[in-house]
Amino acid sequence: MREIVPAIIGAGGIKNYKTEGDHATPAGILPLRRVFYRADRVSSPVCHLPVEPLSALDGWCDDPTHPDYNRHITLPHSARHERLWRDDHVYDIIVVLGYNDAPVRRGAGSAIFMHLPPAGGRPTEGCIALPEPVLRHLLAAGLGEIEVRPV
């Protein structure tokens, strides 16, 4: 099944060669790795991927100098990181995308997810944002990878 779905992307556009902090969404075919969700806010997504509820101790290392770079971590953590348990609803459902993870290349970008849209339709920091019904539909349909390309 091939379906074209409009999405909110990074403020830096789509790049073939992403770097840490450029706010760009990486181009290419990105496999879906696993799903996290806020069990206190939403129901578990139906999908074939591993699904895990988030906790307040979940984070993602975005420090290219640390051995945990571009990896799921438990907080507190000594390196620079992103907290996955957020006050807004952007990370109520997070799909971890297979970008810069096999192997990890330092400085090539981290924490590339599919998640819910930021308030007001603002761009992401490099992730892909979809409305919750669309994201749930794609996961339930068995989506295993996405292709990101300029229009």
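K.L.:
Quick question: what am I supposed to make of the environment of V90 here?
P.N.:
Structurally, the position occupied by V90 is in the loop between β7 (81-83) and β8 (93-97). Owing to a relative accessible area of 6%, V90 belongs among the buried residues under this scheme. On a C-alpha basis, the gap between V90 and L54 in space is 13 Å, while along the polypeptide they are 36 residues apart. Setting aside its immediate chain neighbours within four residues, V90 contacts H115, L116, P117 and P118.

K.L.:
Hey, could you run me through the environment of I4 in this one?
P.N.:
With respect to the element layout, I4 can be found in the segment before β1 (14-15). Residue classification places I4 among the exposed residues on the basis of a relative accessible area of 74%. Along the chain, I4 and D62 lie 58 residues apart, while their C-alpha atoms are 30 Å from each other.

K.L.:
Mind showing me how you'd approach the nonpolar core here?
P.N.:
The nonpolar side chains of a soluble globular protein tend to be buried with one another. Core analysis: the largest hydrophobic core is formed by 22 residues, its most contacted members being L32, V95, L97, M114, L135, L139 and I146. Among the elements of the structure, β3 (28-37), β8, α1 (132-140) and β11 (145-148) are those that each provide at least two residues to this core. When residues in this core are grouped by element, the largest group, four residues, is from β3. With sequence-adjacent residues up to four places away left out, M114 is seen in contact with L32, I93, I94, V95, L97, I128, L130, L135, L143 and I146. Counting residues in hydrophobic clusters, the runner-up holds 11 residues, among them L54, W60, Y91 and V96.

K.L.:
Just checking my understanding: could you explain the side chain of H115 for this structure?
P.N.:
Structurally, H115 is set in strand β9 (residues 113-115). On the basis of relative accessibility, which here comes to 4%, the residue H115 falls in the buried class.

K.L.:
Sorry if this is basic, but what is going on with the sheet that holds strand β6 (residues 72-74) here?
P.N.:
By way of backbone hydrogen bonds, the strands of a sheet pair with one another, either parallel or antiparallel. Spatial ordering of the open sheet is given by β6-β5-β7, a layout of three strands whose pairing is antiparallel. One side of each edge strand has no neighbouring strand; the edge strands of this open sheet are β6 and β7. Put simply, the sheet's adjacent strands are angled 40° from each other on average, direction ignored. Inspection of the sheet shows strand β5 (residues 58-61) paired to β6 by three bridges, in the antiparallel sense. Looking at β6, one finds that W60 is bridged to H72.

Analysis parameters
- Here, residues in each chain are numbered from 1, in the same order as that chain's written sequence.
- The predicted origin of the model limits local features to residues at a pLDDT of at least 70 and limits the giving and counting of side-chain atom pairs to 80 or more, whereas totals for whole chains, interfaces and linings rest on all residues.
- Values reported for side chains reflect all heavy atoms of the structure, with hydrogen atoms and water molecules removed beforehand.
- Counting from the N terminus, the helices are DSSP H or I runs at least four residues long and the strands are E runs at least two residues long.
- Burial status follows relative accessibility: with a 1.4 Å probe on protein chains alone, a residue under 20% of its type maximum counts as buried, one over 50% as exposed, and anything between as partly exposed.
- Contacts are assigned to residue pairs that have any heavy atoms within 4.5 Å of one another.
- In plain words, nonpolar cores are sets of buried Ala, Val, Leu, Ile, Met, Phe, Trp, Tyr and Cys residues tied together by side-chain atoms within 4.5 Å.
- Strand pairing is defined by DSSP finding a minimum of two bridges between the two strands.
- Angles run from 0 to 180 degrees between N-to-C directions of axes, and those axes are lines fitted to C-alpha atoms, restricted for helices to the stretch in contact.

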